[in-house]
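# Fold and geometry: a report
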Amino acid sequence: MQGKRIFYIVLGWLSLVTGVIGIFLPLLPTTPLVLLSAWCFSRSSTRFHNWLINHKYFGPIILDWQSGDGIPKKVRNRALIVMWLGMSISMFIVWRFWATIGLVSIGVCVSIYMLRMPLKKDSES
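These lines cover the structure that appears in this document, whether it is placed above or below. (Residues numbered from 1 in each chain as written. Predicted model: local features only at pLDDT ≥ 70, side-chain atom pairs only at ≥ 80, totals over all residues. Heavy atoms only, no water.)

What follows concerns the overall build of the chain. Scanning the chain from N- to C-terminus turns up 6 helices and 0 strands. Taking the principal axes of the C-alpha coordinates as reference, the chain spans close to 45 × 40 × 25 Å. Counting across all 125 residues of the chain, residues that qualify as buried make up 32%. Counting contacts in the chain only where the partners sit at least 6 residues apart, residues at least 24 apart contribute 62% of the total. If you sum the accessible surface of the chain, you get close to 8800 Å²; carbon and sulfur atoms cover 70% of it. If you average the places of the 13 positive and of the 4 negative side-chain charges in the chain, the two averages end up 12 Å apart. (Helix = DSSP H or I, 4+ residues; strand = E, 2+ residues; numbered from the N terminus. Buried < 20%, exposed > 50% of the residue type's maximum accessible area, 1.4 Å probe, protein only. Contact = heavy atoms within 4.5 Å. Areas by Shrake-Rupley, 256 points an atom, 1.4 Å probe, with all protein chains shown as cover. Lys, Arg positive; Asp, Glu negative; His and termini not counted. Charge placed at Lys NZ, Arg CZ, Asp CG, Glu CD.)

Put into structure tokens, the structure is as follows:
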């Protein structure tokens, strides 16, 4: 059981560090990595999980996700635009048919998922 706990702690920190790097690199998704870290810490370390939940910048992301209230419309739209811009740049740079098909497939699936998410009621439109 101790090995599993250590695995989750290491995975949690790796995903959090990668998420922080994603703040500065547009092709790395910050929010999913922060959510993965919260999930890993919730299964391994109460101390790290509480620290992350109460963090000035990462805490609101996790609390919004856990509440199930949805995401603000502006945030959703901005995420979709940035995602498609990043994938378009990647498709142009790589210029391989299989990579383009893969990116478009992933983009469509993520877009459908995000468009089906509930919107936060108190968000600014």
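What follows picks up the thread again.
Attention now goes to the nonpolar core. Counting 11 residues, the largest nonpolar core consists of Ile9, Leu16, Val34, Leu35, Ala38, Phe41, Phe48, Leu52, Ile53, Phe58 and Ile62. At the level of elements, helix H1 (2–24), helix H2 (30–42) and helix H3 (46–53) are the ones that each hand at least two residues to this core. Of all the elements, H2 adds the most residues to this core, at 4 residues. Beyond its immediate sequence surroundings of up to four residues, Ile53 is in contact with Gly59, Ile62, Leu63 and Gln66. (Core = buried A, V, L, I, M, F, W, Y, C linked by side-chain atoms within 4.5 Å.)

In this section: the layout of surface pockets. In this structure, the largest pocket spans a volume of roughly 1200 Å³. Within the residue set of the lining of the largest pocket, elements represented by two or more residues are H1, H2, helix H4 (59–67), helix H5 (73–94) and helix H6 (97–116). Tallying contributions element by element places H5 first for the lining of the largest pocket, with 9 residues. A per-class count over the lining of the largest pocket returns 25 nonpolar, 7 polar and 3 charged. (1 Å grid on protein atoms, 1.4 Å probe; cavity = no way out; pocket = protein on both sides within 12 Å on 5 of 7 lines; lining within 4 Å. Points joined across faces, edges and corners; volume = space filled by probe spheres on them. Nonpolar A, V, L, I, M, F, W, Y, C, P; charged D, E, K, R; others polar.)

Our next topic: the packing of aromatic side chains. Tallying each qualifying case throughout the model produces 7 aromatic pairs. On the numbers, 5.9 Å between centres and 85 degrees between planes, the contact of Phe92 with Trp95 is edge-to-face. Comparing Phe92 with Trp95, the two get one shared label, exposed. (Phe/Tyr/Trp six-rings, centres within 6.5 Å; stacked < 30°, edge-to-face > 60°.)

By themselves, these observations are geometric and do not establish any function.
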